[in-house]
Amino acid sequence: MKFQIEEVTVYFPYDNIYPEQYTYMVELKRALDAKGHCLLEMPTGTGKTIALLSLITSYALAKTESPIKLIYCTRTVHEMEKTLAELKFLHNYQVKHLGAAAKMLAIGLSSRKNLCVNPKVSSAENRDSVDAACRKLTASWVRSMAAENPNQPTCEFYENYDRAAGGAVLPAGVYTLEDLRAFGKEKGWCPYFLARHMVQFANVVVYSYQYLLDPKVAGIISKEMQKESVVVFDEAHNIDNVCIEALSVSVRRQTLEGAIRNISRIENEIDRFKDIDAGRLRAEYNRLVEGLALRGDLSASDAWLANPALPDDILRQAVPGNIRRAEHFLHVLRRLVQYLKVKLDTDKVEKESPVSFVASINSDAGIDQKALKFCYDRLHSLLMTLEITDTDEFLHIQTICDFATLVGTYARGFSIIIEPFDERMPLIPDPVLQLCCHDASLAIKPVFDRFQSVVITSGTLSPIDLYPRLLNFHPVVSRSFKMSLTRDCICPMVLTRGSDQLPVSTKFDMRSDPGVVRNYGKLLVEMVSIVPDGIVCFFVSYSYMDGIINSWNESGILKDIMQHKLVFIETQDVVETTLALDNYRRACDCGRGAVFFSVARGKVAEGIDFDRHYGRLVIMFGVPFQYTESKILRARLEYLRDTFQIKEGDFLTFDALIDVMNIELTDRNLNQRQAAQCVGRVIRSKADYGMMIFADKRYSRHDKRSKLPGWILSHLRDANLNLSTDMALHIAREFLRKMAQPYEKTGSTTGRKTLLSQEDVEKLGNNGAQEMLY
Amino acid sequence: MSSGQVTKRVKYKTSVKDAGTPGRLSLVKERLVFRPNNPNSASKLDMQFKYITNHRYTKEGSNKAPMLNLTSNQGASYIFEFESYEDLHICRDFVGCANLMKFGHKGVAELLHRQQKLQILELIRKFIQNNPAEMICSSVQGCCKTIDYVLHSELQKLHQQFVGGGVLTEAEFWATRKKLLEKDANRKAKQRGGLKSSVLAESKPFIDGRTNRVTFNLTPEIVREIFSEKPAVHRAYLNFVPSKMADKDFWTKYCRAEYLQRSKNIAAAIAEAAEDEELAIFLKPDDILANETRRKIRRVDPTLDMETDQGDDYSHLPDHGIFRDGSKEVAESGNELYQRTLLQDLNRHAAVVLQGTPIDEEQLKDTQTVAEALERSKQERSTASKDDESSADQERLKGISQAMTIDDLRGSNDHHLAPLWIKVLSVLTHNISSTKYNLGKKPGESLLDSLPTSVRDELLHHHISIEELMKHFWSSYPITNKYLNTKVTKLKDEMSKMDSQLQKLKEAVQPDIRHQITLLIRPMQQALEAAMQHYDAEQQKRASKAREKPNGYS
């Protein structure tokens, strides 16, 4: 459908639209008009992504005089693929209705690991080895060597791309990673470098958060994005964590050992160069004297990860004299590693501020703050000079230099915490020195400063006024939308007792009780026999899941489950989990039906949707915890309290932070963000339906339950608060039967429309949108 | 075996009680040849199929030996006793088909008209299915062609009538005939039983309690499961047994390894594996599986591929990001080489069950057979399915992008082509054809044959056209959009035309057969009437609804 929001004609690829989507677009347009940032919360299942995409692309089409670019950030690559699929759908619609004028270039960008088509390179095991394998074939010195020596291997895809030079362009269209690879293969051009090059010209770029937020990556990828861009962070409820992680580094014993090996290797290289090409090291020295940390003409294929500090904080000064000579720099590194080694050799927890830490390095190891700060750039320059291509071997020394640069750059917003062991496993020594960032606003500041509009949106952003404080920005629009449902398509239940009427819980004293294990098993056995297609189960932890599955296997419960559905399980291996998920979906698609066992704070819970037939029922076995005694978490809370005056009360509904601020530290609490994630992904649209069972007696207590997201609570009826297995089974049967009945999709029978047709939208447009806002 | 020839070892008898002459029976294109083993024996036989008028055979399961009895047009009977029922069936079908041939193409077409098309098709289909391709003689192929042609000429007529006449669109016409467009519909293999959902190999070892002996129970079915879930074990079996070790030793070793795995005694496992390299094979991670995993991960649905996330995540370079804030679980580190967990096994099992292993139940005899059968089917699959896989992937990707759309926001515009199976319709057609058949006085001699050819052809054509119309008409309900509405209106007009044509036909025929014609036409008229009534009722309902809702909901 096509409708007007003020002067903008919005092309929306469906015949109908939800009222939420419409108002969402109206608000978003206001923010774009004001060229400001905004914060929008709208529950999952309301088609947020398509609303965003269609408004922003339509806006760009309407304002041809000042073209805007859309930078769409997703948390993961698979979310990126989903977004691109929706964008493709939208783009086809727009081209159909507008013709060539609607043509645009949209690309998804990822790492070499995900884009490389050279079989020799892409077969490497992990991201870092693919990067290194690529560099071995494409670094400028390798290529100039190949010009003289035909036996020197190079990458034909890169060579072809380089030869095509300006001619290597992507025609208009929407490109997923697979599309890019296919295009690259067809043309013989390297898709990775082509995509990186095309990022400047694309109308829409979709990539993951860190390509903007992590200075190490943003420094090479996102440097040249124009100011007239709209940046969207989708599913942004965890954006603060991404920000602080981007600026945090940990040093462990393995890191230091690796770093020592790296230093020796560099030393050997230096000696070798002294023999064959001493001029090169001298040239580097001269360049550093002149104040250039890096050669200006660095080719794209040489680029390594960028400086870990934020661009504004990097000094444009000459590298200090004491680390200009390669040998001197190595001495400094050796002393630093030695110092850290001593620091790590402690048997008690220590917490320090960066300032005092830097001061003690200066007094104990004789390295001043400025030298620390330049560590990263100096290392980078040295590795380039030495023409090192196997960069994956040098990650340890890079970590040390990242650490040094960060600690030398930032005096506030960070702490250094040294822990001799993980407190949950005090018997296993595993010392770690962590430089952790507490201030999420640091990493995101350049983004807010640089771009015209930044949109932060998610299904759960409550309390919505906390985010501007955490991220330190001033939104022009900050709104939270509710979802209007046509029918009661969500059915949450709290199960407190098993089929034998005994309580069930994962409370510490009960979790290994055979009765509880059996009751949980029986619940699932009953449910698999009545619920069609997919069922997802979440457990509180890997070890708990592992234990319970083993005992179900021994007692024959697992066999009963498998009578009805296939069983797939999340493991700690990402590849295996991905395949299991893929098979799970296939089993649901072909009608075989399956159960997926997953962990409440695992990777699957974080980002995989179990909508439609992929998740007709979600069972949450027990209450997920966050380990809140963590030193890092506590340090962060203290910092937030002192700096942002975020009051205790504000945390009441926010994450696990509550526990620490509010109550005794020993009480562990339900983590709202986690629970919301686990169960919040069952609904894809208003036509979808799903059930959730919270299986733990503690959910019947108000204080635990109230931390569930509001949209779930609003569907939780009092009668469903204290169920046993047989009652839950009955309710499930009734619910499924009800959902199978035909219903009026527009919701006109209930009074308020939950689905708008073209006509309705036009009417709204005439009367002014205000009337229908909530 | 040369093409189009079947040779079986038989005993040739002149009567059932006769002891018989052992020899070879060869069935070639148009003739049947019997050569006795003893060249001096007099009972040679060489005759053409066209002289055979009838054949009988013993039923499987009866106590009698598998015998085939052929009767010639001179009344003589030739009896062959086969070594097995399998042989008998092959020859029987061959003779049956050859028998059909003597009618010639025209004859087959004739038979088809006599409503026996199903039987003939069934016969030929069975023959083709049970015999390797090279054995199917050219005449059978010729017969198939005729059948195809007859069926297609009917189709052509219908197509011209409805699509040419503008009643149906091309797409609508073919939507109900998708099956015909699939060329190899009759090559469909018979359905095979898959693996059981529950993990058989996980069945607990039996411990007798008194001694330290642990007993594992292995059945061919479990072996099949083990082989398909652990390709390395399968490979090891094919390599070692029986050349290097006996079947029993192999399994003893395997069970020993399983036992070590399960007892979670990793130290013991490592120690034993170091001494025994064959045992180590069972304990080591499966390299074939690892390769397969690498291949599969490339083709996984990109919207859930978490591996690509890992490949993109530069915030978590080794030692970057927050390491110990309590959000990550403490992973137990162990000797990964020898650690295979139950969870992994369960995932693998479910994946294999989902994929299916193409082995017939009959092949579940002993481990050797299972191993070989599995190997064969694997090879077949790997050679045949490469292209299929990529196209299936394309198909899947398309499905994914479709799944991205929000169902209830889109108008319903893709329902009108869905072929619908309607019970009323099938009952009606059944009635029609059965009346038609039963009207004949004797079985086998139908009423249709007594009619003049032109009338009969017209009648049959009307019947087929009405069938086609009804199919489209009923599948258009419920009417959810304008498109279906206009389609139904068009169909209705065509139906009234058809009705008057039937009436005309009735009036035009000779008075002596008018009664029979009326009987034949009645069911067709009934079908038309039922449809028209439904149409009128619906139309009225919609009209009254539209009055209630001025917005015109459709």
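As the structure is a computational prediction, the values presented were derived from the model and not from experiment. (Residues numbered from 1 in each chain as written. Chains lettered and ligands numbered in written order. Predicted model: local features only at pLDDT ≥ 70, side-chain atom pairs only at ≥ 80, totals over all residues. Heavy atoms only, no water.)

Chemist: Let's hear about the overall build of chain B: which residues, and what values?
Modeler: Secondary structure assignment for chain B yields 19 helices and nine strands. Looking at the 554 residues of chain B, the share that counts as buried comes to 41%. The long-range fraction of contacts in chain B, counting pairs at least 24 apart against all pairs at least 6 apart in sequence, stands at 61%. Summed over its atoms, the accessible surface of chain B is roughly 31,200 Å², and 52% of this surface lies on carbon and sulfur atoms. (Helix = DSSP H or I, 4+ residues; strand = E, 2+ residues; numbered from the N terminus. Buried < 20%, exposed > 50% of the residue type's maximum accessible area, 1.4 Å probe, protein only. Contact = heavy atoms within 4.5 Å. Areas by Shrake-Rupley, 256 points an atom, 1.4 Å probe, with all protein chains shown as cover.)

Chemist: Lay out the packing of aromatic side chains in plain terms, naming residues and giving numbers.
Modeler: All names here are of chain A. Inspection of the entire model under this criterion finds 39 aromatic pairs over all chains. Taken together, a centroid distance of 5.0 Å and an interplanar angle of 80° make the contact between Y192 and F193 edge-to-face. The pair Y192 / F193 is uniform in exposure class, with both members buried. Their ring planes at 55° and their centres at 6.3 Å tell us that F539 and Y544 sit as a pair that is tilted. For the pair F539 and Y544, a shared accessibility class is recorded, and that class is buried. Each residue in the set Y520, F539, Y544, W552, F597 and F621 is aromatic and connected to the rest through ring pairs, giving one cluster. Between R585 and the ring centre of Y614, over which it is positioned, the NZ or CZ distance is 4.5 Å. (Phe/Tyr/Trp six-rings, centres within 6.5 Å; stacked < 30°, edge-to-face > 60°. Lys NZ or Arg CZ within 6 Å of the ring centre and 35° of its normal.)

Chemist: Quick one: what's the story with the interface of chain A and chain B, residue by residue and with numbers?
Modeler: Contacts between chain A and chain B engage 103 residues on the former and 62 residues on the latter. Between chain A and chain B lies a buried interface of about 7,900 Å² when both sides are counted; carbon and sulfur atoms form 56% of it. For chain A, the biggest contributors to the area lost against chain B are Y14, R127 and E245 of chain A; these three give 8% of the whole. There are two salt bridges connecting chain A and chain B. (Buried area = accessible area lost by both parts, 1.4 Å probe. Salt bridge = Lys/Arg side-chain N within 4 Å of Asp/Glu carboxyl O.)

Chemist: Mind laying out the pairing of strand β2 (residues 8-11) of chain A, listing which residues take part and the relevant values?
Modeler: A regular strand carries its side chains on alternate faces of the sheet. All names here are of chain A. By the bridge criterion, four bridges tie strand β1 (residues 2-5) to β2 in an arrangement that is antiparallel. Of the residues in β2, the one forming a bridge with K2 is Y11. As consecutive antiparallel partners, β1 and β2 are separated by two residues, and within that stretch E6 has a phi angle of approximately 50°, a positive value. (Pairing = 2+ DSSP bridges.)

Chemist: Residue-level account of the environment of F3 of chain A, with values.
Modeler: All names here are of chain A. Looking at the secondary structure, you find F3 in strand β1. Relative accessible area serves as the criterion here: at 4%, F3 is assigned to the buried category. Sequence separation between F3 and G765 is 762 residues; the distance between their C-alpha atoms is 8.2 Å. Apart from the residues lying within four places of it in its own chain, the contact partners of F3 are V8, T9, V10, F12, I17, Y22, M25 and V761.

Chemist: Residues and numbers for the nonpolar core, please.
Modeler: All names here are of chain A. Among the nonpolar cores identified, the biggest contains 188 residues, and F3, Y207, F233, I239, I444 and I456 are the most heavily contacted of them. Among the elements that line this core, the one with the most residues is helix α16 (residues 326-344), at ten residues. Aside from chain neighbours lying at most four places away, what touches I456 is C38, L39, L40, F233, A236, I239, I444, F448, L461, L471 and F473. Within the second largest apolar cluster, 96 residues are counted, among which are W552, F568, Y689 and M692. (Core = buried A, V, L, I, M, F, W, Y, C linked by side-chain atoms within 4.5 Å.)

Chemist: Just give me the short version of the environment of P420 of chain A, but keep the residues and values in it.
Modeler: Residues and elements named next belong to chain A. Within the secondary structure layout, P420 lies in strand β12 (residues 414-421). A relative accessible area of 7% means that P420 is categorised as buried. In this structure the C-alpha to C-alpha distance between P420 and P431, which are eleven residues apart in sequence, comes to 3.9 Å. Among all residues touching P420, those that are not within four sequence positions of it are T346, D347, K348, V349, P429, D430 and P431.

Chemist: Explain the pattern of salt bridges to me, and be specific about the residues and the numbers.
Modeler: All names here are of chain A. Within this structure, the stated rule accounts for 50 salt bridges over all chains. A salt bridge links D33 to K29, with the shortest nitrogen-to-oxygen separation between them at 2.7 Å. Here D33 and its partner K29 are both found in helix α1 (residues 19-33), four residues apart, which amounts to about one turn of the helix. One salt-bridge network, held together by shared partners, links E6, E7, K29, D33 and K63.

Chemist: Could you give an account of unusual backbone geometry, naming the residues involved and the relevant values?
Modeler: All names here are of chain A. In the Ramachandran plot, K35 falls in the positive-phi region, its phi being about 50° despite a non-glycine side chain. Among the structural elements, K35 can be located in the loop between α1 and β4 (38-41). We classify K35 as exposed; its relative accessible area is 52%. For R612, which is not glycine, the phi dihedral falls at a positive 45°. Structurally, the position occupied by R612 is in the loop between α27 (603-607) and β20 (617-621). Taking relative accessible area as the criterion, R612 reaches 17% and is therefore assigned buried.

Chemist: So, the confidence of the model for chain A: which residues are in play, and what are the values?
Modeler: The predicted model of chain A has a mean per-residue pLDDT of 86, with 92% of residues at 70 or higher. Across residues 655-672 of chain A the pLDDT falls below 50, and counting only partners more than four positions away or on other chains, this stretch makes 55 contacts in the model. (pLDDT = per-residue confidence, 0-100.)

Chemist: Got a sec to walk through a negative patch on the surface? Specific residues and values, please.
Modeler: Residues D247, D249, D366 and E372 of chain B make up a contiguous surface patch of negative charge. Taking the relative accessible area as the measure of exposure, D247 of chain B reaches 31% and is therefore partly exposed. (Patch = residues over 30% accessible without salt bridge, like charges linked within 9 Å, V, L, I, M, F, W, Y side chains within 5 Å. Lys, Arg positive; Asp, Glu negative; His and termini not counted. Charge placed at Lys NZ, Arg CZ, Asp CG, Glu CD.)

Chemist: Tell me what's going on with the sheet that holds β12 of chain A, and back it up with residues and numbers.
Modeler: Residues and elements named next belong to chain A. Taken in spatial order, the four strands of this open sheet run β10-β13-β12-β11, and their pairing is antiparallel. One side of each edge strand has no neighbouring strand; the edge strands of this open sheet are β10 (249-252) and β11 (350-352). On average, each strand axis in the sheet is inclined to that of its neighbour by 15°, with strand direction left out of account. Pairing between β10 and strand β13 (residues 429-437): four bridges, direction antiparallel. When the bridges of β13 are listed, V251 appears paired with L433. Helix α14 (residues 253-276) contacts β10 and β13 of the sheet and is inclined by roughly 80° relative to β10. (Axes fitted to C-alpha atoms, helices over the stretch in contact; angles between N-to-C directions.)

Chemist: Residues and numbers for helix α21 (residues 440-450) of chain A, please.
Modeler: Most of α21 of chain A is tucked away: eight of the eleven residues are buried. Three or more residues of α21 of chain A are buried, namely A440, S441, L442, A443, I444, P446, V447 and F448 of chain A.

Chemist: Got a sec to walk through the confidence of the model for chain B? Specific residues and values, please.
Modeler: All names here are of chain B. Counting all residues, the mean pLDDT for chain B is 72, and 63% of those residues have values of 70 or more. Here residues 131-139 is modelled with pLDDT under 50, and outside its nearest four sequence neighbours on either side it reaches 20 contacts, counting other chains as well. The low-confidence segment residues 413-421 (pLDDT under 50) makes 14 contacts with residues lying over four places distant or belonging to another chain. Across the interface, the model reports ipTM at 0.85; the global pTM reads 0.74.

Chemist: Go over the side chain of E229 of chain B, please, and point to the residues and values.
Modeler: Examined against the element boundaries, E229 of chain B turns out to sit in helix α6 (residues 220-229). Not counting residues up to four positions away in its chain, the partners in contact with E229 of chain B are L289, R348, H349 and V352 of chain B.

Chemist: So what about the pairing of strand β2 (residues 21-28) of chain B? Which residues, and what values?
Modeler: Residues and elements named next belong to chain B. Pairing of strand β1 (residues 5-13) with β2, which is carried by eight bridges, proceeds in the antiparallel orientation. The residue of β2 that forms the bridge with Q5 is V28. Examined bridge by bridge, β2 and strand β3 (residues 31-36) share six bridges and lie antiparallel to one another. Looking across to β3, one finds that L25 is bridged to F34.

Chemist: Quick one: what's the story with the sheet that holds β3 of chain B, residue by residue and with numbers?
Modeler: Residue and element names in this part refer to chain B. Spatial strand order, β4-β3-β2-β1-β7-β6-β5: seven strands in an open sheet with antiparallel pairing. With partners counted over all chains shown, the strands left at the sheet margins are β4 (45-48) and β5 (52-57), one partner each. The mean angle between the axes of side-by-side strands here comes to 30°, regardless of whether they run parallel or antiparallel. Pairing of β1 with strand β7 (residues 77-82) involves four bridges; the strand directions are antiparallel. Pairing of K13 across the sheet is with I79, part of β7.

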